[in-house]
Amino acid sequence: NAQTASTTVTVNALPDVTVTLTGSNTFCAGGSATLSVPNVLGSVYAWTGGGTNFDRVVTTSGAYTVTVTNTAGCTATSAPTTITVNALPTATIT
């Protein structure tokens, strides 16, 4: 007479780290773009270069990622989004 035991395993989903870019990823100095991921209640957000909201306004060149930790304790990091800020042209009056 064999005895069996059952075990329940819960697999929690990773947070969604799909970055949405509002604006262009290339702009002139003085401009900006907004990077965002889905805003999920209770999640913790950490952007490269600072920022702890689900969205981040960027004004400098760089490769930006966000690490999101959801309420289940699962963590995922986005692919980098590259932002290029071009210098303003120099005007010469002659």
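That block above? That's the structure.
Residues numbered from 1 in each chain as written. Predicted model: local features only at pLDDT ≥ 70, side-chain atom pairs only at ≥ 80, totals over all residues. Heavy atoms only, no water.

## Let's talk about the overall build of the protein
- For the protein, the helix and strand inventory stands at zero helices and nine strands.
- Written out in order from the N terminus, the α and β elements of the protein read β-β-β-β-β-β-β-β-β.
- Its C-alpha radius of gyration of 21 Å places the protein more than 25% over the 12 Å reference for a compact globule of 94 residues.
- Of all 94 residues assigned to the protein, the portion counted as buried reaches 23%.
- A separation of at least 24 residues holds for 42% of the contacts in the protein among residues at least 6 apart in sequence.
- When the accessible surface of the protein is totalled, it reaches about 6400 Å², and 54% of it is carbon and sulfur. (Helix = DSSP H or I, 4+ residues; strand = E, 2+ residues; numbered from the N terminus. Rg over C-alpha atoms; globule rule 2.2 N^0.38 Å. Buried < 20%, exposed > 50% of the residue type's maximum accessible area, 1.4 Å probe, protein only. Contact = heavy atoms within 4.5 Å. Areas by Shrake-Rupley, 256 points an atom, 1.4 Å probe, with all protein chains shown as cover.)

## Regarding the environment of Gly42
- By secondary structure assignment, the location of Gly42 is in the loop between β3 (33-36) and β4 (44-47).
- A relative accessible area of 48% places Gly42 in the partly exposed class.
- Between the alpha carbons of Gly42 and Ala5 there is a distance of 35 Å; along the sequence they are 37 residues apart.

## Thoughts on the pairing of β4
- Every second residue of β4 is oriented toward a common face, the buried set being Tyr45 and Trp47 and the non-buried set Val44 and Ala46.
- Across four bridges, the pairing between β4 and strand β7 (residues 66-69) is antiparallel. Of the residues in β7, the one forming a bridge with Trp47 is Val66. (Pairing = 2+ DSSP bridges.)

## Quick notes on the sheet that holds β4
- The strand order across the open sheet built from three strands is β4-β7-β8, with neighbouring strands paired in antiparallel fashion. If you trace the sheet from one side to the other, it starts and ends with β4 and β8 (75-77), each paired once. Adjacent strand axes in the sheet meet at a mean angle of 15° when their direction is disregarded. (Axes fitted to C-alpha atoms, helices over the stretch in contact; angles between N-to-C directions.)

## Side note on the sheet that holds strand β1 (residues 20-22)
- Here we have three strands laid out as an open sheet, ordered β1-β3-β5, and antiparallel in their pairing. Two strands bound the open sheet, and with one partner strand each, they are β1 and β5 (55-58). The sheet shows a mean angle of 20° between the axes of neighbouring strands, taken without regard to direction.
- Pairing geometry for β1 and β3, over three bridges, is antiparallel. Among the inter-strand pairings, Thr20 is bridged to a residue of β3, identified as Ser36.

## Some words on the nonpolar core
- Leu35, Val37, Val58, Val66, Val68 and Ile83 are the most contacted members of the largest nonpolar core, which totals 13 residues.
- Listing elements by their share of this core, those giving two or more residues are β3, β4 and β7.
- Among residues more than four places away in sequence, those in contact with Val37 are Asp16, Val17, Thr18, Val19, Tyr45, Trp47, Phe54, Val66 and Val68. (Core = buried A, V, L, I, M, F, W, Y, C linked by side-chain atoms within 4.5 Å.)

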